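One-letter residues, chain by chain:
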Amino acid sequence: GEDVEQSLFLSVREGDSSVINCTYTDSSSTYLYWYKQEPGAGLQLLTYIFSNMDMKQDQRLTVLLNKKDKHLSLRIADTQTGDSAIYFCAERTSGTYKYIFGTGTRLKVLA
Amino acid sequence: DAMVIQNPRYQVTQFGKPVTLSCSQTLNHNVMYWYQQKSSQAPKLLFHYYDKDFNNEADTPDNFQSRRPNTSFCFLDIRSPGLGDAAMYLCATSRNRERVQPQHFGDGTRLSIL
């Protein structure tokens, strides 16, 4: 079945880069999304990538996709305290309207 | 700004007392979704409306119902809330169900059961 996995916690110092990883199991053509959730709030769409792309960059965010290993990463450059949140990876595969969410990675940025 | 708005942000109800959560959108999107999110977990899809067509997930309890009177509004009704229904409820919208169309989430309603 479909499954999306993430590490639970990541701690970085302010100004450093953060790399949040995600692995997925479905090998069919797919869209992969990154969402940010701050405490007590909803999910904010950060970026997304289609499986025919290897990389997507948007300001401080870089998404890398390794299709062979079914591995997705989100790199946040110059991490700020305001980046502290839970980051969810989500997969959406061919023929379905549903997201398959990962468990979420809690990013803590130390000043 | 076009938005997905959920009211109220916090709702407290009594065990067994019906409660309604509301969601409105100014995006004019065709699809509206309701998710349940418990602490430290990923959101779980309860159901969605594609226009007026209601689509229930197989494992959504009968206790949860939804109404969509028009494009802009969607309601989540919990007929007899139990302690296990305490959670954050998230509403989301998308233009359609194509994979390329991302879902846009509201800020959620946190439901507490006394």
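K.L.:
Before we go on, may I ask you to explain the overall build of chain A in this structure?
P.N.:
When its secondary structure is counted, chain A shows 0 helices and 11 strands. Reading the helices (α) and strands (β) of chain A from amino to carboxyl end gives β-β-β-β-β-β-β-β-β-β-β. On C-alpha atoms alone, chain A measures out to a radius of gyration of 13 Å, which is about the 13 Å that the 2.2 N^0.38 rule sets for 111 residues. Projected onto its principal axes, the C-alpha coordinates of chain A cover approximately 45 × 30 × 20 Å. When the 111 residues of chain A are sorted by exposure, 45% land in the buried category. Long-range pairs, those at least 24 residues apart, make up 54% of the contacts in chain A with a sequence separation of at least 6. Accessible surface computed for chain A: about 5400 Å², of which carbon and sulfur atoms make up 48%.

K.L.:
Sorry, what's going on with the packing of aromatic side chains here?
P.N.:
Two numbers describe a pair of aromatic rings. These are the distance of the centres and the angle of the planes. Overall, the coordinates contain 19 aromatic pairs over all chains when judged by the stated rule. Residues Tyr 33 of chain A and Tyr 99 of chain A carry aromatic rings whose centres are separated by 4.9 Å and whose planes lie at 40° to one another, so their mutual orientation is tilted. Placement of Tyr 33 of chain A in strand S4 (residues 30–37) and of Tyr 99 of chain A in the loop between strand S9 (85–93) and strand S10 (100–101) is noted, with a sequence separation of 66 residues between them. A single burial state applies to Tyr 33 of chain A and to Tyr 99 of chain A, both of which are buried. Ring pairs connect the aromatic residues Tyr 31, Tyr 33, Tyr 35, Tyr 48, Phe 50, Phe 88, Tyr 99 and Phe 101 of chain A together with Tyr 33, Tyr 35 and Phe 105 of chain B, which therefore count as one cluster. Between Lys 56 of chain A and the ring centre of Tyr 48 of chain A, over which it is positioned, the NZ or CZ distance is 4.4 Å.

K.L.:
How do you make sense of the state of the cysteines when you look at a structure like this?
P.N.:
Disulfides are covalent bonds that link the sulfur atoms of two cysteine residues. Residue and element names in this part refer to chain A. Tallied over the full model, the rule gives 2 disulfides over all chains. Bridging Cys 22 to Cys 89, the disulfide has an S-S length of 2.0 Å. Here Cys 22 and Cys 89 share a disulfide; its torsion about the S-S bond, -60°, makes the bridge left-handed. Of this pair, Cys 22 sits in strand S3 (residues 18–24) while Cys 89 is found in strand S9, placing the two residues 67 residues apart along the sequence.

K.L.:
What should I look at first to understand the sheet that holds strand S1 (residues 4–6) of chain A in this one?
P.N.:
Strand pairing in a sheet takes place through backbone hydrogen bonds and is either antiparallel or parallel in direction. All names here are of chain A. On the basis of which strands lie adjacent, the open sheet formed by 5 strands has the order S1-S3-S8-S7-S6 and antiparallel pairing. At either margin of the open sheet sits one strand with a lone partner, and together these are S1 and strand S6 (55–58). The sheet shows a mean angle of 15° between the axes of neighbouring strands, direction not considered. Relative to strand S8 (residues 71–76), S3 runs antiparallel, the two sharing 6 bridges. Directly across from Cys 22, in S8, lies its bridge partner Leu 72.

K.L.:
What is the right way to read the nonpolar core from this model?
P.N.:
What tends to happen in soluble globular proteins is that the nonpolar side chains get buried as a cluster. Counting 20 residues, the largest nonpolar core has Trp 34, Leu 72, Leu 74, Ile 76 and Tyr 87 of chain A as its most contacted members. For this core, the secondary-structure elements that each account for two or more residues are S3, S4, strand S5 (43–50), strand S7 (61–66), S8, S9 and strand S11 (105–110) of chain A.

K.L.:
Any chance you could explain the side chain of Arg 68 of chain B here in plain terms?
P.N.:
Residue and element names in this part refer to chain B. Locating Arg 68 in the fold gives a position in the loop between strand S7 (64–67) and strand S8 (73–78). Salt bridges are absent for the buried Arg 68, whose nearest opposite-charge side chain, Asp 51, sits at 5.2 Å. Within the local environment of Arg 68, its side chain forms a polar contact with the backbone oxygen of His 29, the two atoms lying 3.1 Å apart. At 2.6 Å, the side chain of Arg 68 and the backbone oxygen of Asn 30 are in polar contact. Filtering out sequence-adjacent residues up to four positions away, Arg 68 remains in contact with Gln 25, His 29, Asn 30, Val 31, Met 32, Tyr 49, Tyr 50, Asp 51, Phe 73 and Cys 74.

K.L.:
For this particular structure, what's the right way to read the layout of surface pockets?
P.N.:
It is a probe the size of a water molecule, rolled over the atoms, that shows where empty space is left. Here the largest pocket is characterised by a volume of approximately 360 Å³. Of all elements in the fold, only S4 and S5 of chain A together with strand S1 (4–7) and strand S10 (104–105) of chain B reach the threshold of two or more residues within the lining of the largest pocket. Considering only residue class, the lining of the largest pocket consists of 9 nonpolar, 7 polar and 4 charged.

Rules behind the numbers
- Residues numbered from 1 in each chain as written.
- Chains lettered and ligands numbered in written order.
- Predicted model: local features only at pLDDT ≥ 70, side-chain atom pairs only at ≥ 80, totals over all residues.
- Heavy atoms only, no water.
- Helix = DSSP H or I, 4+ residues; strand = E, 2+ residues; numbered from the N terminus.
- Rg over C-alpha atoms; globule rule 2.2 N^0.38 Å.
- Buried < 20%, exposed > 50% of the residue type's maximum accessible area, 1.4 Å probe, protein only.
- Contact = heavy atoms within 4.5 Å.
- Areas by Shrake-Rupley, 256 points an atom, 1.4 Å probe, with all protein chains shown as cover.
- Phe/Tyr/Trp six-rings, centres within 6.5 Å; stacked < 30°, edge-to-face > 60°.
- Lys NZ or Arg CZ within 6 Å of the ring centre and 35° of its normal.
- Disulfide = S-S within 2.5 Å.
- Pairing = 2+ DSSP bridges.
- Axes fitted to C-alpha atoms, helices over the stretch in contact; angles between N-to-C directions.
- Core = buried A, V, L, I, M, F, W, Y, C linked by side-chain atoms within 4.5 Å.
- Lys, Arg positive; Asp, Glu negative; His and termini not counted.
- Salt bridge = Lys/Arg side-chain N within 4 Å of Asp/Glu carboxyl O.
- Polar contact = N/O pair within 3.5 Å; in protein donor to acceptor, adjacent residues only side chain to side chain.
- 1 Å grid on protein atoms, 1.4 Å probe; cavity = no way out; pocket = protein on both sides within 12 Å on 5 of 7 lines; lining within 4 Å.
- Points joined across faces, edges and corners; volume = space filled by probe spheres on them.
- Nonpolar A, V, L, I, M, F, W, Y, C, P; charged D, E, K, R; others polar.

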